[in-house]
Protein chains: 2
Amino acid sequence: MSGSNKNQLILGFPEYREPAQQLASHVGIPYRDIELHRFPDGESKIRLPDSLPKKVIICRSLDNPNRKLVELALAAATARELGASELILVAPYLCYMRQDKAFHAGEAISQRIIGRQLAQWFDVVVTVDPHLHRVHKLSEVIPNRSTVTLTAARPIADFLSKTYDHPLLIGPDEESEQWVAAVAQMQGLEYVIGRKQRMDDYSVKITLPGSRCTARDLILLDDIASTGRTLESTAVALQAYKPASISAVVTHALFVNDALERLKNAGITQIWSTNSIPHSTNVIPLTELLGAALKYR
Amino acid sequence: MSGSNKNQLILGFPEYREPAQQLASHVGIPYRDIELHRFPDGESKIRLPDSLPKKVIICRSLDNPNRKLVELALAAATARELGASELILVAPYLCYMRQDKAFHAGEAISQRIIGRQLAQWFDVVVTVDPHLHRVHKLSEVIPNRSTVTLTAARPIADFLSKTYDHPLLIGPDEESEQWVAAVAQMQGLEYVIGRKQRMDDYSVKITLPGSRCTARDLILLDDIASTGRTLESTAVALQAYKPASISAVVTHALFVNDALERLKNAGITQIWSTNSIPHSTNVIPLTELLGAALKYR
């Protein structure tokens, strides 16, 4: 990173304090909390340290994004007023990446609109495994700003080496193929890829070449688990082939509502995630990955 | 309003549909819903009619604002993409008007930051009784845009004439004086003004010249009731003077948590509000007030 680390500051929102502190410690940049108060009427009050260096790194993942986006706007504008001239967002989980076109006429293309807002507030956006589909580059989503797109493939591959002896990796759908293949290659593992049909917000159908799964330790890999229906349907489909075990690893542990319970009920005995989104399943820190990106800049 | 009403469209968010439809009907402009879907992960999907006229009026009050602000940004940007060149926000209740300075070093001046965002999204902002304190004009909050600041004094005064015979109006604090005086003058009524000290988010202390209140029908007036502590403390202080009755009227009925129950317990027998924020206490429509503002433009 250019300049002395003393001339930089990492700020974390309360719910992301622990990963942000670990990152700060790893890269040797001072850390401070962003103070957040919620008024009874639903408004948020933000307070930053009263003097800031020129380079400020704000850390917050954008799961459950609406409230967090407004608070991020307040923090970014206030950081500018307090003297920050280079403002970096570290958001391992980026929101609104899936609405990347108007599926019906008149629909908001939220990815583009939110991306432009982030571009207004920040000079640099650092993220991990963004769920990009039709738009392939984050730089198209967040225009005229530096974007750093990291993948958790390496930390996940390193973690997998400590689990089963020669597990079979399962990518639930075509979208996951490139990423699952990369993880498999890093550890010399085999993988299979399913085919997914989404029926609605809460249900999907998975088709898999299952005969290779019999008596194997299976590890399902996906970038994100939201309702968990994809992993659940995949696990249910796999049970028919009598595997030795089924586990799952995701980068972004959203796990809304009763997702975790349903995954357990579907026979997934172990569920692991990176700490992109703070969650009880976090076992894979992104500290080194994010730290390298900050050091490289 | 310039141009034919057929070349304009009023759009309402679902929770504000009824007032928006009444407004549309009153001014003779077609009305359409903004479709709003919430995904399980907390993201929002917005859909507008697939073709829009050049002049579009979006209606939504901004109570519980964070989620609503993000959805408003999605709607405004999408309206532009669908061809709207003049975009008007009708938000009878505007959010973040109270954090108008850094009370402690490092605090976000949310009023200014949110005001600038609204200025980015809309050409015109129409609102009612904004809670402005140290910044006196909405045009300073929402820079370089047309702002229309209405007051509910007239519709409230008209409503009061149908309640008690010569009630005594009570303004709980100095901030309310000008506004309470205006309402009183419209109906030739007397009023008294209290003095308020805010202790924290949830408690205030009110001092009143109470001797004039004995045996009178009292009507408390305020622009906004959030936790209701101001009205509650005022009513409690007034009880000592044995009034005939205590009622309350507010423009903006936030009434968070158990506010309404506490107000009843404090001896306020009737609570009325304008329909700025849809609420069970709404009895005073703002239709004509807002309609006149739209016609005048």
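Residues numbered from 1 in each chain as written. Chains lettered and ligands numbered in written order. Predicted model: local features only at pLDDT ≥ 70, side-chain atom pairs only at ≥ 80, totals over all residues. Heavy atoms only, no water.

Visitor: Run through the interface of chain A and chain B, naming residues and quoting values.
Guide: Counting residues at the interface gives 51 residues for chain A, matched by 51 residues for chain B. Together chain A and chain B conceal approximately 4,000 Å² of surface at their shared face, both sides included; 52% is due to carbon and sulfur atoms. Counting the surface chain A buries against chain B, the share from its top three residues, A:Pro40, A:Asp41 and A:Glu43, is 15%. There are eight salt bridges connecting chain A and chain B. Between B:Glu81 and A:Arg112 there is a salt bridge, with its nearest N and O atoms 3.2 Å apart. (Contact = heavy atoms within 4.5 Å. Buried area = accessible area lost by both parts, 1.4 Å probe. Salt bridge = Lys/Arg side-chain N within 4 Å of Asp/Glu carboxyl O.)

Visitor: Tell me what's going on with the relation of the copies chain A and chain B, and back it up with residues and numbers.
Guide: Here chain A sits on chain B after a turn of 180 degrees about the axis and a move of 0.0 Å along it, with an RMSD of 0.0 Å. A rotation of that kind, with that shift, is consistent with a two-fold axis. If distances are taken from each C-alpha of chain A to the rotation axis, the shortest is found for A:Arg67, at 2.8 Å. Of the residues that chain A buries at the interface, 100% are likewise interface residues in chain B, meaning the two copies contact each other through the same surface. (Least-squares fit on C-alpha atoms with pLDDT ≥ 70 in both.)

Visitor: How would you summarise the sheet that holds strand S10 (residues 191-193) of chain B if you had to cite specific residues and measurements?
Guide: Residues and elements named next belong to chain B. Read across the open sheet, the six strands follow the order S10-S9-S13-S14-S15-S16; overall the sheet is parallel. The outermost strands of the open sheet, each flanked by one partner alone, are S10 and strand S16 (282-284). Between one strand and the next, the sheet's axes are offset by a mean angle of 30 degrees, whatever the strand orientation. Here strand S9 (residues 168-171) pairs with strand S13 (residues 217-225) via three bridges, running parallel. Bridge pairing links Ile 170 to Leu 220 in S13. Against the sheet, helix H5 (residues 153-160) engages S9, S13, strand S14 (245-253), strand S15 (270-274) and S16, with an angle of about 95 degrees to S16. Its contacts with the sheet place helix H7 (residues 229-239) against S9, S13 and S14, and it is angled at close to 160 degrees to S13. (Pairing = 2+ DSSP bridges. Helix = DSSP H or I, 4+ residues; strand = E, 2+ residues; numbered from the N terminus. Axes fitted to C-alpha atoms, helices over the stretch in contact; angles between N-to-C directions.)

Visitor: I'd like to hear about the domain arrangement of chain A, residue by residue, with values.
Guide: Residues and elements named next belong to chain A. Structurally, chain A comprises domain 1 (3-150 + 285-295) and domain 2 (153-275). Just the C-alpha atoms count here: the centres of domain 1 and domain 2 sit 28 Å apart. Taken together, the contact pairs 14 residues of domain 1 with eleven residues of domain 2. With both chains or domains summed, domain 1 and domain 2 bury close to 1,200 Å², and 56% of this area falls on carbon and sulfur atoms. (Domains from an automatic or database assignment.)

Visitor: Please provide a residue-by-residue account of the environment of B:Cys59, values included.
Guide: Residue and element names in this part refer to chain B. Within the fold, Cys 59 resides in strand S5 (residues 55-59). Separated by 117 residues in sequence, Cys 59 and Ser 176 place their C-alpha atoms 26 Å apart. Each residue touching Cys 59, except ones within four places of it in the same chain, is listed here: Ile 10, Leu 11, Gly 12, Phe 13, Tyr 16, Ala 20, Leu 23 and Val 90.

Visitor: Residue-level account of the packing of aromatic side chains, with values.
Guide: Residue and element names in this part refer to chain A. Counting across every chain of the model gives two aromatic pairs over all chains. Taking the centre distance of 5.1 Å and the plane angle of 70 degrees together, the rings of Phe 159 and Trp 272 count as edge-to-face. Taken together, the positions of Phe 159 in helix H5 (residues 153-160) and Trp 272 in strand S15 (residues 270-274) put the pair 113 residues apart, joining distant regions of the chain. Between the NZ or CZ atom of Arg 60 and the centre of the ring of Phe 13, over which it lies, the distance is 3.7 Å. (Phe/Tyr/Trp six-rings, centres within 6.5 Å; stacked < 30°, edge-to-face > 60°. Lys NZ or Arg CZ within 6 Å of the ring centre and 35° of its normal.)

Visitor: Explain the environment of B:Ser247 residue by residue, including any values.
Guide: Residue and element names in this part refer to chain B. Inspection of the secondary structure puts Ser 247 in strand S14. Taking the relative accessible area as the measure of exposure, Ser 247 reaches 0% and is therefore buried. Separated by 21 residues in the primary sequence, Ser 247 and Ile 268 place their C-alpha atoms 5.1 Å from one another. Leave out the neighbours within four places in its chain, and Ser 247 touches Tyr 164, Leu 218, Ile 219, Leu 220, Ile 268, Thr 269, Gln 270 and Trp 272. (Buried < 20%, exposed > 50% of the residue type's maximum accessible area, 1.4 Å probe, protein only.)

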